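# Remarks on the overall topology
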Amino acid sequence: MVLKKHVCTLIIVLCGPAIVSAQVYKDPRAPVEARVKDLLKRMTLEEKVGQMSMSSLDGYKKSSVSYGVLSSPFSNVYDVARQSANAKRYAREETRLGIPPIQIGECLHGQLAAGATTFPQAIAQGSTWNPTLIQKMGAAIAYEASTSGVDQALSPLFDLIRDARYGRVEECFAEDPYLTGQLGSAFVRGMQGDPAQTRNAFAWDKVLCTGKHFAAYSKPLAGINLAPADIGERELRSMFLPPFREAVQEANIAAVMPSYNEIDGIPAHSNEFLLKQILRKEWGFKGYIFSDYGGLSQLYDFHKVAKTKEDAAVMGITAGVDLEAAGPDIYAKLVGLIKSGRVKEAQVDSAVARILTIKFKAGLFEKPLPDTARIRSRLHQPETVALSQQIAEESVILLKNDKNLLPLDVSKLKSIAVIGPNANKVQYGDYSFTRDNLSGVNVLEGIKQLVGAGVKVNYAQGCELSGLDKSGFDEAIKAAESSDAVVVVLGTTSVVWSGVGWNGQAPQNEPLDPFTCGEGYDVTDINPQGVQRDLLQAVYKTGKPVILVLVHGRPWSISWEKDNIPAILEAWYPGEKGGTAIANILFGKVNPSGRLNMSIPQSSGHIPVFYNYVNSAKGINRKPGTIEKPGLDYVYGTTDPLFSFGFGLSYTSFEYSNLKVSKDAFGNGDSVKVSVDVKNTGSMAGKEVVQLYLGNKVNSVSTPGLFLRGFSKVLLAPGEGKSVNFTISSDDVMIWNRKMKEVAEPGTFEVMIGKAADNIVLKKQLEFK
C-alpha cells in the first residue's frame, strides 16, 4: 500500500506540470494570445460554430457544445443569478473544454431585471449634457448587473435622433454626433472601466458594452423601424459614424452590433464596407461583431438578398459578423458549408478567436460564479437610487415659464390639482421590466410627498393615454376649478418586456393603455395622442394657472401648448425617482438644468428637423408665410424648430462675456485655447450648459452652418462667475472632401458660444492655415 502510494504520488509530480503546461488556455498567467491559440487548436469544428452561436441561460443543457453567448431571462435578479450560476457551472464542468459563455443582458437604463435600479431613459440621459454623471451611472449599472452574472450589456446606442416619428428615439442620446459620442463613450467607460486598462483586461465587477446599431439605423424612411436609410457616404461618415469611432478608438468598446437596416441596397449584416473596411481596417476595432437578434436570418427572410439560409451564412461571415443572435439558425449551416468548401475554416477561426479573446480579457474562465447572497448588499442601494434621482433632476427641461409661474411656493398654496393619464403612472420607457407603481415614484406621489398634509391634492385622470373617451373630463375640470394651481401630466407609454403593469396584470393585458412608443411603435403624427390635448384645453379654459409636464419617449408637436400654456416641463421617461425629481423642480427645491438634446419639430410635416443642417436645407427664399399671408419655401409656415437643440430655461439668469482665443490662426497638429466668462446674475444657484459651436466656413463640400464641438455644465451660486475653457484642434475642423478623404481645409471660420443652437451670444473668427 505504501509503495502504491509513492508510485501514485510520483506519477502526479511528473505528469501534473506537463498537463498544466499543455493546457495553456487554462493558465490565467499566460498571455491572452497564447491562450486563444491553444484553445482554438483543441476545438472541433462543431465547437467553434457553437462559440459563434447563442442560447439562453435556461437552455444551456440542450447541447453538449458550449455556446458563445447565453441571454439573461426577463425575470428578477435572484432568478437571473441562479440560472447564471447553473449554466456557467455546467459549461465549465460538463462540456469537453470547459469554455464559459458570455452572459448578456439589457442594460439601456439599468439592468432589465426586477430588483435592479431603474435610471431615466437614454433620451433623458442625453438631456443632462453631463458625461460625468452618465459615467457614474454606467459604473453603477455594471456593479449591479455583474452581481447576477451579466458579462456584456447590449447597450448603449450611438444612433442619432433624426425623426421624431421613429419609436426608438427614446433609446438615443442626441441628434448631434459630438454630444452622442461624449455621452455614449462616458457610458462605456463607466460600464467597462478605464480604456487604458481594458485593452488588456476587464475587471470582474465591470460589464462589456455593445455599440449599436451600426449604422444610420435611426434615419429610416418615413420613420418606420427597419426601413432603409437614404444616406450618402459623406453624410454617413460626417454625421452617423463619428460617435461609433469615438467608442471604438477612445472608449475601447468590446462589441459592435450591426443594424437591421440597409444602405443603398446592402443590409448592414452583409455590409463588408461597414464591418470590414471602416470598422476593422480604418478604425482598428479589435472586439467582436455581435449580430442583432435575427439580423442574419433577415438576409434570407426579410431583405431577400439571400436565396437560402446557407447563402445568408456565407454573406454574414464574409462581411465579418462573428456571432449570431438569437439563433442558432443561420450559422448552424457553417459546418456543412465548410465541408462543402463554400466557407473556409480559417474564416470561422478568425471569428472564434475574437470571441475567445474577449472571454479571456474578461476573465470568464476564472470569474467567480454569481452568488445570490451578495444581491441584497449590492443592488438598489440608497446611493444608486439617489444617482437615478440626480440624473432625472438634471434631465428635466424647462421649456416655458411665463411670468415666472414656476417655481411654485408651497406656502402660498392651499390646494393643487394633479391631472392627466400619466400623473399616477410610473413610466420608464422601452427595455424596462415593469411599470408597476410600487417600483417607483410617479408625479402624483412625488407632489403629495413634497407638499405634505398642508396642501390638498385633487387628482383626476381625465382620460386614457390612447382612445377617444372623454368621460373623465368633468371630474378633471372640477378638480382644476377647486384648486389654486394645476399640474397636467400627459405623455406616452412604451414597451415593457415582462413584469407587471399598473393594475397588477402583465403589461400586454392592459388594453386601455397600449404601447405607443418604443421599438416597433412608430407614428405618422407627433401631435399629442388620443384626447390628451382636448383634456389640456378643457382644463386651460378654467382660467387656473396650468403647468404642463410631458412624460414620454418622443417629442410632441406642441405649438398650441407653447402659445397658451404658461409653464411647460419636458421630463421624458425620468426613471424610478422621476416623480420626486419633477416635484422638486416644480417647487424650486431643484433648479432645472436640462437642455434639449434634439430639435423639437413644429409638426410632422417639418420632419426631419435638426440644427446642424447645410445652408441649402432651408431653401433659398427665406420668406416664410402664414395662413393670412402666404410666403415662399414653406407657404404657410417657417422652417424653424418649435424648440431648438441646446435650449432650456432656468429659474436664474446667466450672463456671458469676455470670449478669448489664444491665437488668431492655427494649423495641422496645432490647437487653440478658448475661454469665456459666465456669471449667475440671478438670485438662485443654478447649472448652465455652456455650448461651443464652430461654423460658417467655406469648404470644398457643403458643411453645416454650425456644429457642436464642446460643452461644459457649470454650477454657479448667485453672483458667482467662472471662466469656462475649451480647446480646439485641427480634428475639430476635419471634413470629408470631394475625394472622400478626411482633411482640414484652409479657411476662416467662427468660434461661437451659445445658450442654444439658435441663440449664439458671442463670436470670434479663427483661421485655419
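Every chain is numbered on its own, with residues counted from 1 as its sequence reads. Totals for whole chains, interfaces and linings use all residues, but because this is a predicted model, local features are given only for residues with pLDDT of at least 70 and pairs of side-chain atoms are given and counted only at 80 or more. As a rule here, side-chain values come from all non-hydrogen atoms in the structure, and water together with hydrogens is ignored.

Pairing is antiparallel in the open sheet, where three strands are placed in the order β16-β18-β21. Lying at the two open borders of the sheet, with one neighbouring strand each, are β16 (654-661) and β21 (721-729). Each neighbouring strand pair of the sheet contributes to a mean axis angle of 20°, computed without reference to strand direction. Paired strands, as defined in this entry, are two strands with at least two bridges between them according to DSSP. We count a stretch as a helix when DSSP gives it H or I for four or more residues in a row; a strand needs E for two or more, and each element gets its number in order from the N terminus. As judged from the nine bridges shared by strand β18 (residues 671-680) and β21, these two strands associate in the antiparallel manner. Note that in β21 the partner of V676 across the bridge is V724. Axis definition: a line fitted to C-alpha atoms, over the contacting stretch in the case of helices. Angles run 0 to 180 degrees between N-to-C directions.

Bringing the packing of helix α9 (residues 233-240) against helix α11 (residues 272-282) into the picture now. Running from N to C, α9 and α11 point in directions that differ by 50°, and their axes come no closer than 14 Å. It follows from the interaxial angle that α9 and α11 lie oblique. In this structure, the crossing between α9 and α11 has a hand that is right-handed. Where α9 approaches α11, its residues E233, L236 and R237 are matched on the opposing element by F273, L274, I278 and E282. Polar here means any residue other than Ala, Val, Leu, Ile, Met, Phe, Trp, Tyr, Cys and Pro, which are nonpolar, and Asp, Glu, Lys and Arg, which are charged; Gly is therefore polar. For the contact of α9 with α11, the class distribution of residues is four nonpolar, no polar and three charged. Working rule for angles: under 35 degrees goes down as roughly parallel, over 145 as roughly antiparallel, 65 to 115 as roughly perpendicular, anything else as oblique. The handedness criterion is simple: a crossing whose near helix is rotated anticlockwise from the far helix by less than a right angle is left-handed, and one whose near helix is rotated clockwise is right-handed. Contacts: residue pairs with any heavy atoms within 4.5 Å of one another.

This part takes up the environment of L468. Mapped onto the secondary structure, L468 falls in the loop between β12 (456-460) and α19 (473-481). Considering only alpha carbons, one finds L468 and G530, 62 residues apart in sequence, at a separation of 5.7 Å.

Moving on, we get to the nonpolar core. In these notes, a set of buried Ala, Val, Leu, Ile, Met, Phe, Trp, Tyr and Cys residues joined through side-chain atoms within 4.5 Å is what counts as a nonpolar core. Relative accessibility thresholds used throughout: buried, under 20% of the residue-type maximum; exposed, over 50%; partly exposed, between the two (1.4 Å probe, protein chains only). Membership of the largest hydrophobic core comes to 135 residues, with the highest contact counts inside it found for F214, F290 and L334. Per-element accounting of this core gives the leading share, eight residues, to helix α15 (residues 345-361). For F290, the residues in contact, after removing those within four places along its chain, are M54, V69, I104, Q152, L154, V256, M257, P258, L323 and A325. Listed in part, the 49 residues of the second largest apolar core include Y431, W572, I600 and I607.

One open sheet holds the five strands; their spatial order is β17-β25-β24-β19-β20, and the pairing between them is mixed. What marks the edges here is a single partner per strand, and that holds for β17 (665-666) and β20 (706-716).

On to the pattern of salt bridges. Charged atoms that come close allow side chains of opposite charge to pair. Any carboxyl oxygen of Asp or Glu within 4 Å of a side-chain nitrogen of Lys or Arg constitutes a salt bridge here. Counted according to the given criterion, the structure contains 30 salt bridges. The partner of E235 in a salt bridge is K219, with the nearest N and O atoms 3.2 Å apart. Residue E235 is found in helix α9, and its partner K219 is found in the loop between β5 (208-214) and α9; the two are separated by 16 residues along the sequence. Accessibility expressed as a relative area gives 22% for K219, which makes it partly exposed. When the shortest N-O distance is used, the salt bridge between D322 and R354 registers 2.8 Å. Linking D322 in the loop between α13 (309-319) and α14 (334-340) with R354 in helix α15, this pair joins segments that are 32 residues apart in sequence.

A word on α19. When α19 is considered as a whole, its buried residues turn out to be F473, A476, A479 and A480. All buried residues of α19 fall inside an arc of 125° around its axis, so they share one side. Turned more than 90 degrees away from the buried face of α19, the exposed residues are D474, E475 and K478. Here the buried face of α19 lies against β11 (415-419), β12, β13 (485-491) and α20 (532-540). Throughout, the arc means the angular range of directions from the helix axis out to the C-beta atoms.

So, on to empty space enclosed by the protein. Space inside and on the surface of the protein is sampled on a 1 Å grid over the protein atoms alone, with a cavity defined as a set of points where a 1.4 Å probe fits but cannot get out and a pocket as an open set with protein on both sides within 12 Å along at least 5 of 7 lines; lining residues have an atom within 4 Å of a point. Grid points are joined across faces, edges and corners, and a volume is the space filled by probe spheres set on the points. A full pass over the atoms with the stated rule returns five cavities of 30 Å³ or more. Empty space within the largest cavity amounts to approximately 80 Å³. Among the elements that line the lining of the largest cavity, the one with the most residues is helix α4 (residues 77-94), at three residues. Here the residues of the lining of the largest cavity sort into eight nonpolar, three polar and no charged. Each pocket or cavity is described by its volume, and for the second largest cavity that value is around 70 Å³. Every residue lining the second largest cavity is counted, 13 residues in all, and those nearest its centre are K425, Q427, N442, V551 and P574. Sort the elements by how many residues they give to the lining of the second largest cavity and helix α22 (residues 578-586) lands first, with three residues.

Next up on the list: the environment of V207. In this structure, V207 sits in the loop between α8 (195-198) and β5. Along the backbone, V207 and D79 are 128 residues apart, and their C-alpha atoms lie at a distance of 19 Å.

Moving on: the packing of aromatic side chains. Two aromatic rings, drawn from Phe, Tyr or Trp (for Trp, its six-membered ring), form a pair once their centres lie within 6.5 Å of each other, and the interplanar angle then sorts them: stacked below 30 degrees, edge-to-face above 60, tilted otherwise. Inspection of every chain in the model, using the stated rule, returns 18 aromatic pairs. Centre to centre, the rings of F158 and F244 are 5.6 Å apart; their planes meet at 50°, and the pair counts as tilted. Here the residue F158 occupies a position in the loop between β4 (152-153) and α7 (177-192), and F244 occupies one in helix α10 (residues 242-249), the gap between them amounting to 86 residues. Overall, F158 belongs to the buried group, its relative accessible area being 1%. Seen from their ring centres, Y540 and W560 are 5.5 Å apart, and the 85° between their planes marks the pair as edge-to-face. One end of the pair, Y540, is in helix α20; the other, W560, is in helix α21 (residues 559-564), and 20 residues separate them in sequence. Looking at W560, the relative accessible area reads 23%, which means it is partly exposed.

In this model, the largest pocket occupies a volume close to 1,200 Å³. Forming the boundary of the largest pocket are 50 residues, of which P177, S238, M239, P242 and R709 lie nearest the centre. Looking at the lining of the largest pocket residue by residue, the classes come out as 23 nonpolar, 10 polar and 17 charged. Lining the second largest pocket are 22 residues, and of these Y611, Y613, L706, A757 and D758 lie nearest its centre. Per-element accounting of the lining of the second largest pocket gives the leading share, three residues, to strand β25 (residues 759-768). Taken together, the residues of the lining of the second largest pocket break down into 10 nonpolar, seven polar and five charged.

Turning next to a nonpolar patch on the surface. A patch consists of residues whose relative accessible area exceeds 30% and which take part in no salt bridge; residues with like charges are grouped when within 9 Å of each other, and nonpolar side chains (Val, Leu, Ile, Met, Phe, Trp, Tyr) when within 5 Å. Note that accessible areas follow from Shrake-Rupley with a 1.4 Å probe, and for residues the cover is restricted to the protein chains shown. Among the surface-exposed residues, I627, V635 and Y636 lie close enough to one another that they form a single nonpolar patch of about 340 Å² accessible area. Along the polypeptide, I627 turns up in the loop between α22 and β16.

Contact geometry of α19 with α20 gives a least axis separation of 9 Å together with a crossing angle of 35°. Two packed elements cross with a definite hand, and for α19 against α20 that hand is right-handed. Only D534, L535, A538 and V539 of α20 make contact with α19, whose side of the interface consists of F473, A476, I477 and A480. Its residues assigned to classes, the contact of α19 with α20 comprises seven nonpolar, no polar and one charged.

The next point concerns the pairing of β20. With eight of 11 residues buried, β20 is to be regarded as a mostly interior element. When strand β19 (residues 686-695) meets β20, the two strands line up antiparallel, connected through 10 bridges. Across the sheet, L694 pairs through a bridge with F707, a residue of β20.

Every residue carries a pLDDT, the predictor's confidence in it, which falls somewhere between 0 and 100. Residues with a pLDDT of 70 or more make up 95% of the protein chain, whose mean pLDDT is 94. Across residues 1-21, where pLDDT falls below 50, the model places two contacts with residues more than four positions away in sequence or in other chains.

The peptide bond linking F214 to A215 adopts the cis configuration, its omega dihedral lying at 10°. Tracing the backbone through its elements, the reader meets A215 in the loop between β5 and α9. A cis amide bond, omega 0°, links L406 with the succeeding residue P407. Within the secondary structure layout, P407 lies in the loop between β10 (397-401) and β11. The residue D264 is not glycine, and still its phi comes out positive at about 55°. Among the secondary structure elements, D264 is positioned in the loop between β7 (262-263) and β8 (266-267). You will see that N696, though not glycine, has its phi angle at about 55°, which is positive. In this fold, N696 is placed in the loop between β19 and β20. Judged by relative accessible area, which is 46%, N696 ranks as partly exposed.

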